[in-house]
There are 2 protein chains.
Amino acid sequence: MKHIAESTVRRLSLYLRFLEEYEASGHATISSGELAESGGTTSAQVRKDLSFFGSFGKRGMGYTVKDLSIAIREILGLQRPWSVIIVGAGKIGAALAQYRGFTTRGFRVVGVYDRDPARVGTKLDGVSVRPEAELERDIAKLKPEIAVLCVPAEAAQAIADRVTKAGVRAVLNFAPTPLKVTEGVAMRAVNMATELEILAFGLTNGGALPVR
Amino acid sequence: MKHIAESTVRRLSLYLRFLEEYEASGHATISSGELAESGGTTSAQVRKDLSFFGSFGKRGMGYTVKDLSIAIREILGLQRPWSVIIVGAGKIGAALAQYRGFTTRGFRVVGVYDRDPARVGTKLDGVSVRPEAELERDIAKLKPEIAVLCVPAEAAQAIADRVTKAGVRAVLNFAPTPLKVTEGVAMRAVNMATELEILAFGLTNGGALPVR
DNA sequence: CTTAGCTTGTGAATGATTTCACAAGCCCTC
DNA sequence: GAGGGCTTGTGAAATCATTCACAAGCTAAG
Ligand SMILES: NC(=O)c1ccc[n+]([C@@H]2O[C@H](COP(=O)([O-])OP(=O)(O)OC[C@H]3O[C@@H](n4cnc5c(N)ncnc54)[C@H](O)[C@@H]3O)[C@@H](O)[C@H]2O)c1
Ligand SMILES: NC(=O)c1ccc[n+]([C@@H]2O[C@H](COP(=O)([O-])OP(=O)(O)OC[C@H]3O[C@@H](n4cnc5c(N)ncnc54)[C@H](O)[C@@H]3O)[C@@H](O)[C@H]2O)c1
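Just so it is clear, the model here is predicted, and its values are computed rather than measured.

## Things to note about the overall build of chain A
Piece 1. Assigned secondary structure in chain A consists of 9 helices and 9 strands.
Piece 2. The principal-axis extents of the C-alpha atoms in chain A amount to approximately 60 × 45 × 35 Å.
Piece 3. Counting every position in chain A, which comprises 212 residues, the buried fraction comes to 50%.
Piece 4. For chain A, the share of sequence-separated contacts (at least 6 apart) that also reach a separation of at least 24 residues comes to 57%.
Piece 5. When the accessible surface of chain A is split by element, carbon and sulfur atoms take 53% of a total near 10000 Å².
Piece 6. The distance from the centre of the 28 positive side-chain charges to the centre of the 22 negative ones in chain A is 4 Å.

## Examining unusual backbone geometry
Residues and elements named next belong to chain B.
Piece 1. At D125, a residue that is not glycine, the phi angle is positive and equals roughly 55°.
Piece 2. Of note in this structure, K143 is not a glycine but carries a positive phi near 50°.
Piece 3. Tracing the chain through its elements places K143 in the loop between α7 (135–142) and β7 (146–149).
Piece 4. Classification of K143 by relative accessible area gives exposed; the value is 57%.

## Some details on the relation of the copies chain B and chain A
Piece 1. Taken as rigid bodies, chain B and chain A are interconverted by a rotation of 180° and an axial shift of 0.0 Å, the fit giving an RMSD of 0.1 Å. In short, the pair behaves as if placed about a two-fold rotation axis.
Piece 2. In this assembly the copies share their binding face: 98% of the residues contributing to the interface of chain B also contribute to that of chain A.

## Quick look at the interface of chain B and chain A
In many analyses, interface size is given as the accessible surface area lost on bringing the parts together.
Piece 1. With 65 residues of chain B at the contact, the number on the chain A side is 65 residues.
Piece 2. For the chain B and chain A pair, buried surface summed over both sides reaches about 6100 Å², with 68% attributable to carbon and sulfur atoms.
Piece 3. The largest per-residue losses of area from chain B upon contact with chain A belong to L196, E197 and L203 of chain B, which jointly make up 12% of the total buried on that side.
Piece 4. The tally of links from chain B across to chain A stands at 8 salt bridges.
Piece 5. At the boundary of chain B and chain A, one finds 16 residue pairs in polar contact (both at pLDDT 80 or more).

## Description of the environment of G126 of chain B
Piece 1. You can see G126 of chain B is positioned in the loop between β5 (123–124) and β6 (127–131).
Piece 2. When the C-alpha atoms of G126 of chain B and M192 of chain B are compared, they prove to be 27 Å apart, with 66 residues separating the residues in sequence.

## Quick look at the site of ligand 1
Piece 1. The full set close to ligand 1 counts 23 residues, and K91, I92, D114, R119 and V151 of chain A are the nearest of them.
Piece 2. The residues that come close to ligand 1 belong to more than one chain, namely chains A and B.
Piece 3. Contacts to ligand 1 include K91 of chain A, whose backbone N or O atom sits 3.0 Å from an oxygen atom.
Piece 4. A distance of 2.5 Å is found between an oxygen atom of ligand 1 and a side-chain nitrogen or oxygen belonging to D114 of chain A.
Piece 5. For ligand 1, whose unbound accessible area comes to 820 Å², protein coverage reaches 87%.
Piece 6. When residues of the shell around ligand 1 are traced back to their parent elements, those giving at least two are α5 (91–97) and α8 (153–165) of chain A together with α5 (91–97) of chain B.
Piece 7. No other element matches α8 of chain A, which puts 3 residues into the shell around ligand 1.
Piece 8. The residue inventory of the shell around ligand 1, partitioned by class, reads 15 nonpolar, 2 polar and 6 charged.

Rules behind the numbers
- Residues numbered from 1 in each chain as written.
- Chains lettered and ligands numbered in written order.
- Predicted model: local features only at pLDDT ≥ 70, side-chain atom pairs only at ≥ 80, totals over all residues.
- Heavy atoms only, no water.
- Helix = DSSP H or I, 4+ residues; strand = E, 2+ residues; numbered from the N terminus.
- Buried < 20%, exposed > 50% of the residue type's maximum accessible area, 1.4 Å probe, protein only.
- Contact = heavy atoms within 4.5 Å.
- Areas by Shrake-Rupley, 256 points an atom, 1.4 Å probe, with all protein chains shown as cover.
- Lys, Arg positive; Asp, Glu negative; His and termini not counted.
- Charge placed at Lys NZ, Arg CZ, Asp CG, Glu CD.
- Least-squares fit on C-alpha atoms with pLDDT ≥ 70 in both.
- Buried area = accessible area lost by both parts, 1.4 Å probe.
- Salt bridge = Lys/Arg side-chain N within 4 Å of Asp/Glu carboxyl O.
- Polar contact = N/O pair within 3.5 Å; in protein donor to acceptor, adjacent residues only side chain to side chain.
- Near = heavy atom within 4 Å.
- Nonpolar A, V, L, I, M, F, W, Y, C, P; charged D, E, K, R; others polar.

Shown next, in the form of structure tokens:
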């Protein structure tokens, strides 16, 4: 398959969110222009994004909301559930473990791990926190595809190595440190301090950063 | 000033993080190549990023770690502290309010707000949660530059309108909904479900997404 | 059946970002 | 103070992403 830009995938996720709302509000079809407005982009961009994957609309008519939802879900790989483990049950790990926004999208938190004996055994939204020492055994059993790292920066690389060695194929890293993962493992980082710093840059150099 | 790409600013933030570590470990100078490795980029990219803002290195020698740190901090606008308010003291809002990673970068949480009377009055890392009704009055008094939104998606636009009307100039939105803000207000969104969806896409369409 | 009115899908053009490649500059040694 | 070895800073080239613009195709109405 051809190379798809990350920005395209990000927008598809946004379109899907809007399509779900739009469907709930009773609309049957939607045009690329309406979809564009929701995502802060242009109708040409919407059509181009979709065109990488096929042809989903009807000329003159637009897109059937329901069909397009299904198509985008399929493109993103959301027609099936994904199993997720969270490592680090501290402040951010606990918040994510209880986040409903994951479950509604088909991401199931099947395990939460911590090193601290005081946290082990506590329940987070139905899932018990388990000892970090059980990581390998549990991964072999539960076969989660995705690991979310919420451990301190010093521990992140070691945990990434362990979970990927044990078979996890994708990592979402919240620790503010760059991770090296083996070829073939998908990796993304969310760095909240960087987000604030980008805002600070925007405020300092008024206008140098294209406003979103 | 010329237009600076967001990707450049994001990398500068990363370089800065690495420079701080590098300085702590006793090194006095660093080359663009070493800096590149830390950020998963190339030496040419590092030099180009910096070249938008000036000339900071010595040919043959590289960059003085300390001086470059200071220069990047200045570029990003981090030589001065920024005041931040957090609206929504739920799971994610509480985690962010207690996050040390913000304070160490000069972002001071000067207020946390919630609508729920049960949360108002509780303390998060030294800051008391205040009633959301006091938002406008407090913004007038404390003059925070940045607002972090951790309220449910339905409430996010209304809160964004209120804080920007009251004088906040930048918004970091954690609610999974697109926000419209007036021209001149800097806005960024962190969407964790989208991050997982990008990983799901990567796992589904192995290789279609350039690995990071 | 034909026409009017929309909207898609997509090459081509434009614009933005990254990579290349090398002259210029600095330090160190001799 | 001249030469070797490195490394920066930066135009030019290449790649990548977005926007333009329009032919093609669908529906509905007459
Ligand atoms: N709190 C936030 O809002 C926030 C925001 C962005 C990023 N982060 C990052 O997320 C990470 C966690 O932050 P936090 O605020 O939740 O910290 P925290 O101290 O509340 O939680 C960290 C947890 O990780 C556990 N832990 C440490 N080493 C471990 C290991 N080897 N295996 C398993 N568990 C281990 C600790 O016992 C603790 O429970 C940090 O890297 C932080 O920089 C936090
Ligand atoms: N929990 C997570 O890990 C997570 C991750 C990503 C995004 N989010 C998003 O962040 C937001 C908050 O999520 P949460 O999990 O913390 O939910 P939560 O229910 O724990 O917290 C929301 C808080 O906002 C308060 N609130 C509601 N309306 C308000 C208003 N008008 N003014 C002030 N406060 C108000 C509520 O009283 C509550 O305390 C949601 O939009 C969610 O989708 C959460």
